[in-house]
Amino acid sequence: MKLPQRVSAATIVVVAATAMLTSCAGSAPSVTPAEPVAGDRPLVDRAKWPKATPERGLAQGRTLPLETYMQTYQETVLLDGAVRQLQEKCMADYGLPVQLPVEGTNPPPSDNDANMERRYGLTDRVAAAAHGYGLPDEATEPVRQKVPELEPAEFEVLTGRKLPAAAAKGAPRQQSAERARDAYNGKKLHDGGCTNWAARQIEKPTQDDLTFVAELNGTSFTESMKLPAVVKAMGEWSQCMDGKGHKGLTTPFDAANRLPHVVGRPSPEEIAIAVAEVDCKTQTGLVDVWFAEESKLQTALIAQHLGTLDPIRSRNGAAVDAAGARTAR
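Each value, and the rule that gives it
Residues numbered from 1 in each chain as written. Predicted model: local features only at pLDDT ≥ 70, side-chain atom pairs only at ≥ 80, totals over all residues. Heavy atoms only, no water. 1 Å grid on protein atoms, 1.4 Å probe; cavity = no way out; pocket = protein on both sides within 12 Å on 5 of 7 lines; lining within 4 Å. Points joined across faces, edges and corners; volume = space filled by probe spheres on them. Nonpolar A, V, L, I, M, F, W, Y, C, P; charged D, E, K, R; others polar. Helix = DSSP H or I, 4+ residues; strand = E, 2+ residues; numbered from the N terminus. Expected span 1.5 Å × (residues − 1). Buried < 20%, exposed > 50% of the residue type's maximum accessible area, 1.4 Å probe, protein only. Arc of directions from axis to C-beta. Contact = heavy atoms within 4.5 Å. Phe/Tyr/Trp six-rings, centres within 6.5 Å; stacked < 30°, edge-to-face > 60°. Lys NZ or Arg CZ within 6 Å of the ring centre and 35° of its normal.

(A) Spotlight on the layout of surface pockets. Considered as a void within the structure, the largest pocket measures approximately 1100 Å³ in volume. Considering the residues around the largest pocket, the lining is formed by 39 residues, among which Lys48, Pro109, Leu135, Pro136 and Asp137 are closest to the centre. When the residues that make up the lining of the largest pocket are grouped by side-chain class, the tally is 19 nonpolar, eight polar and 12 charged.

(B) Quick peek at helix H7 (residues 228-243). Compared with an ideal rise of 1.5 Å per residue, which puts 16 residues at 22 Å, H7 spans 23 Å between its outermost C-alpha atoms and is within 8% of the ideal. All of the buried residues in H7 are Val230, Ala233, Met234, Trp237, Ser238, Cys240 and Met241. Buried residues of H7, viewed axially, fall in a sector of 160°; they line one side. Seen from the open side of H7, the exposed residues pointing more than 90 degrees away from its buried face are Pro228, Lys232, Gln239 and Gly243. Of the surrounding secondary structure, the elements contacted by the buried residues of H7 are helix H6 (207-224), helix H8 (252-256), helix H9 (268-284) and helix H10 (286-304).

(C) Geometry of the packing of aromatic side chains. Evaluation of the coordinates by the stated rule reveals five aromatic pairs. Seen in terms of ring centroids, Tyr120 and Trp290 are 4.7 Å apart; in terms of plane orientation they differ by 40°. Their pairing is tilted. Highlighted residues: Tyr120 in the loop between helix H2 (73-93) and helix H3 (125-131) and Trp290 in helix H10, separated in sequence by 170 residues. The residues Tyr120 and Trp290 share a single accessibility class, namely buried. With centroids separated by 6.2 Å and ring planes inclined at 70°, the aromatic side chains of Phe253 and Trp290 adopt a geometry described as edge-to-face. Separated by 37 residues along the polypeptide, Phe253 in helix H8 and Trp290 in helix H10 bring together distant segments of the chain. Phe253 gets classed as partly exposed once you look at its relative accessible area, which sits at 28%. Chaining the aromatic ring pairs together yields one cluster made of Tyr120, Phe221, Phe253 and Trp290. Looking at Lys187, its charged tip hangs above the ring of Tyr94, at a distance of 5.4 Å from the centre.

Quick look at the structure:
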């Protein structure tokens, strides 16, 4: 079947990701829809990146022990950026200069998997009064980048696979079983293309590494809710909410589900319950108790799994150092 003459770089996402499954350090290039940046908004606005720790509210300055082993958003962007730059360099070495979409354009609300800003429900009264259970920028259009249109040869050099013809026609994108040509411009193609080659240079932490820490993080959270001190403080919080007219709420997460949230337009009822949630946490000290008890749990988990966690931190640190050295050139 004849390949299309050109294909958007956005079509490489699933194909490249599948190809990279055979590489422990693999990662596909991050590609967003081929749409222009809205108005005069900057492509990357670091001012909108999440802070390392919450800067106000009941969670201000708090950091859980396991966060030491988590990858921060800044580190994620640095690693992805170094890999992207290596992909572009690799392509240029074949005489195929391309510009792939940059990273850091649409940051998440939290710096890492701990999500301290809302780990224990709402903790910022100012934000609750303004946005209810919503996020400050949730109604803002995401930054959308223009992406290059790749010739079939460019796709092969980048991914190490031929492009399925259906990928350019709106059909489900599947990994092509057909390997790319052996060489281009007299230069042998890398196994897995420039995508795989670039990932190997940085050796980013594996998905297993990130998942292991995330699972411990989830375990400490769910187990902390069963601890007597937290159960007692949660009960006091529930009674406080009853007194404010918000009855039948066992946990702060029940409060979040009490009323439907309309993006960018919190109702007066939503704001009232959101503010009450934070006020009752202040009154009962729920966040103080919960954070202290979960910190003890995480400290115990770290001691139990130190032989696995320390190498994860070392691998992440080495990758970040390598990425920093690459991008500083």
